[in-house]
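Working through the structure, step by step
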Amino acid sequence: MHFYHQEKIGVSVSFTNLMPKKQNTLLKILIAFTIAVVGISQVNAKYDISQDIPNVIIFLTDDVGYGDLAVYGHPVIKTPHLDRFAEEGVRMTDMHSAATVCSPSRASILTGRNAYRSGYYNIAGFFGTTLPENEISIAHLLKDAGYQTGFFGKWHLSRLESENEVSVNDMGFDYSFATTVNAFGTGPKNPVKFIRNGIPVGEVKGWYVDILVQEASEWITKSKNDGKPFFAIIATHESHTPIDPPAKYTSLYDNNKTDELSKNISYGGLARPKKDISAYKKEYYGTVTQIDDAFGNLMQLLEDQNLTDNTLVVFTSDNGPEYPVTFAESGGEWEDPIRDKCFGTPGNLRGMKRYPYEGGHRVPGLARWPGHIPAGIVSDKLFNGSDFLPTLCHLAGISLPNDRTIDGTNAFNAFKNMDYERELPPMWFFPLNYGFMPGMAHMAMRYDDYVLIGYLSPERGSYAKDQSVDWIKTAVPAKFELYNIKKDEAQKNDLSDTETDVLMKLIPVMQSRWIDIRDEGPWWGRME
């Protein structure tokens, strides 16, 4: 680990791309009043049926780890439909969610921006965090270009029950069938909190993921009959807690063979509970297989409707896998028994959900678009969650909004295992108020083959819990670790003391990127 003394920070950061504070404040004010004129007017290229543009489905799972699928090497879990899907397209080995926890990850998919810019320093609700109404989403852009747009499943960007916060439809979706958060209370079976286009629907029979696929299938069929291209996000509750799959899936893993094969599974280097929770692994494994079946049903629908060839489908996850509560997290002050069923794995990567190390945000990534993505390939090119917006805009022939920073880039070449240009190095942050977790870093930045890990200074110290935003708004990374991620994906060998030339090159890049992102985000609960 390398320490970079804070008194040097002022001269090490390049401020050439940072606006003066007064100009930055003025810009924020102007954006709030001119989004309809400035933002959307930049993207009013209408849909041309002669263009070779695809339908798009993003199938977003919840807390599924990099190592949770058979096609990614899991020794136990069966995922035959996803195995086949990978053979028909590309398996990504460097796919990333844009954040280490759900709300910011989902915000970045929609906006193409690092979610700290939108105020998601933790999940929605933290200090009243909600999606700002002036954000331009990929749904806004595609809808304006002639797409029909639909959202199905977990939203977790605002309270859908509140009239004072944006709804799914406000963010550019023609059709929505969503829940504010996960299926807490009832569990994934017979959920009761779905809202369809702003209207609560009450209890829906079945399991969350199966309900989503059925609802989306009916909408896709109608969209096809209407003769327009469609864009759909299908965001499952599974494999998030509460975990409760149908018995037919659990029974697949209720045997001694499962126990034997799962002995050497890694959990990102995090400690597991001392109590025996092994009896629950069959429920987690069964849930992943249930996801696989539901995804297979969706792919069959595309085949039946003759939509396979002109639909880009991406299967991925919103962050790394969840871990059971340990004393290190709770301090013995609280419990969360439903997390005892969390047996997701990041493979051999370091870290889990919430951690800026690779295991917190490198996720499964499978993509298929026949004739455009070669079948059966493996790509080691980086694709980040913030890349969805610029990539899909490129495919649809839409200009990007030019009144705000877009952190992602058009990375479609990554699906073909081809190089591409990236202007801004991606960054991943810890969820604020989780800095106390053992081994928790504050941020990571990818630059070519290297990952720079950063720790904020000054340390949290005397800042009270309700002053956590005050802390990050005044802190700068000043302690670092450096890893060559291509040679050391498990991040075991810190190079900060040996490759000092690379370190000194990347430190000001990280500091400058951090300050730019940090300063744009709202200052929730500011202490005067």
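Before going into details, it helps to say that this report is about the structure given with it. Not measured: the values here are computed from a predicted model. (Residues numbered from 1 in each chain as written. Predicted model: local features only at pLDDT ≥ 70, side-chain atom pairs only at ≥ 80, totals over all residues. Heavy atoms only, no water.)

Our next topic: the overall build of the chain. Each helix and strand counted, the chain has 13 helices and 17 strands in total. Relative to its length of 528 residues, the chain is compact, with a C-alpha radius of gyration of 22 Å against a globular reference of 24 Å. Considering only C-alpha atoms, the chain reaches an extent of 65 × 60 × 45 Å along its principal axes. Residue pairs at least 24 apart in sequence account for 76% of intrachain contacts in the chain once pairs closer than 6 positions are excluded. Element-wise, carbon and sulfur atoms account for 51% of the exposed surface of the chain, whose accessible area totals about 21,100 Å². (Helix = DSSP H or I, 4+ residues; strand = E, 2+ residues; numbered from the N terminus. Rg over C-alpha atoms; globule rule 2.2 N^0.38 Å. Contact = heavy atoms within 4.5 Å. Areas by Shrake-Rupley, 256 points an atom, 1.4 Å probe, with all protein chains shown as cover.)

A cis geometry characterises the amide bond from glutamate 238 onward to serine 239, with omega recorded as 10°. Secondary-structure assignment places serine 239 in the loop between strand S9 (230-235) and helix H7 (247-250). Cis geometry is found at the peptide bond from serine 457 to proline 458, where omega equals 0°. Locating proline 458 in the fold gives a position in the loop between strand S16 (450-457) and helix H12 (468-474). Phi at aspartate 63 takes a positive value of approximately 70°, unusual for a residue other than glycine. Assignment of secondary structure puts aspartate 63 in the loop between strand S2 (55-61) and helix H3 (80-88). Here aspartate 63 falls in the buried class, since its relative accessible area comes to 2%. (Buried < 20%, exposed > 50% of the residue type's maximum accessible area, 1.4 Å probe, protein only.)

Grouped burial of nonpolar side chains is what soluble globular proteins tend to show. Core analysis: the biggest nonpolar cluster contains 146 residues, and Trp155 and Phe231 have the highest contact counts within it. If you tally residues by element for this core, the top one is helix H9 (residues 281-304), at 10 residues. Once you skip the residues sitting within four places of it in the chain, tryptophan 155 turns out to touch Arg106, Leu110, Leu131, Leu160, Val166, Ser167, Val168, Met171, Phe173, Thr179 and Thr180. (Core = buried A, V, L, I, M, F, W, Y, C linked by side-chain atoms within 4.5 Å.)

What follows covers the packing of aromatic side chains. The full count for this structure, using the stated rule, is 28 aromatic pairs. An angle of 70° between the planes, with centres 5.1 Å apart, marks the rings of phenylalanine 383 and phenylalanine 388 as edge-to-face. Residue classification places phenylalanine 388 among the buried residues on the basis of a relative accessible area of 4%. Aromatic rings pair up to connect Trp369, Phe383, Phe388, Phe412 and Phe415 into one cluster. Between arginine 91 and the ring centre of tyrosine 72, over which it is positioned, the NZ or CZ distance is 5.3 Å. Lying across the ring of phenylalanine 343, arginine 272 places its NZ or CZ 4.9 Å from the centre. (Phe/Tyr/Trp six-rings, centres within 6.5 Å; stacked < 30°, edge-to-face > 60°. Lys NZ or Arg CZ within 6 Å of the ring centre and 35° of its normal.)

Residues in a regular strand point their side chains to alternate faces of the sheet. Among the seven residues of strand S10 (residues 311-317), seven are classified as buried, and the element is accordingly described as predominantly covered. Burial along S10 is two-sided: Thr311, Val313, Phe315 and Ser317 and Leu312, Val314 and Thr316, pointing in opposite directions, are all buried. Inspection of the sheet shows S10 paired to strand S11 (residues 365-368) by four bridges, in the antiparallel sense. Considered in S11, the bridge of phenylalanine 315 is made with leucine 366. (Pairing = 2+ DSSP bridges.)

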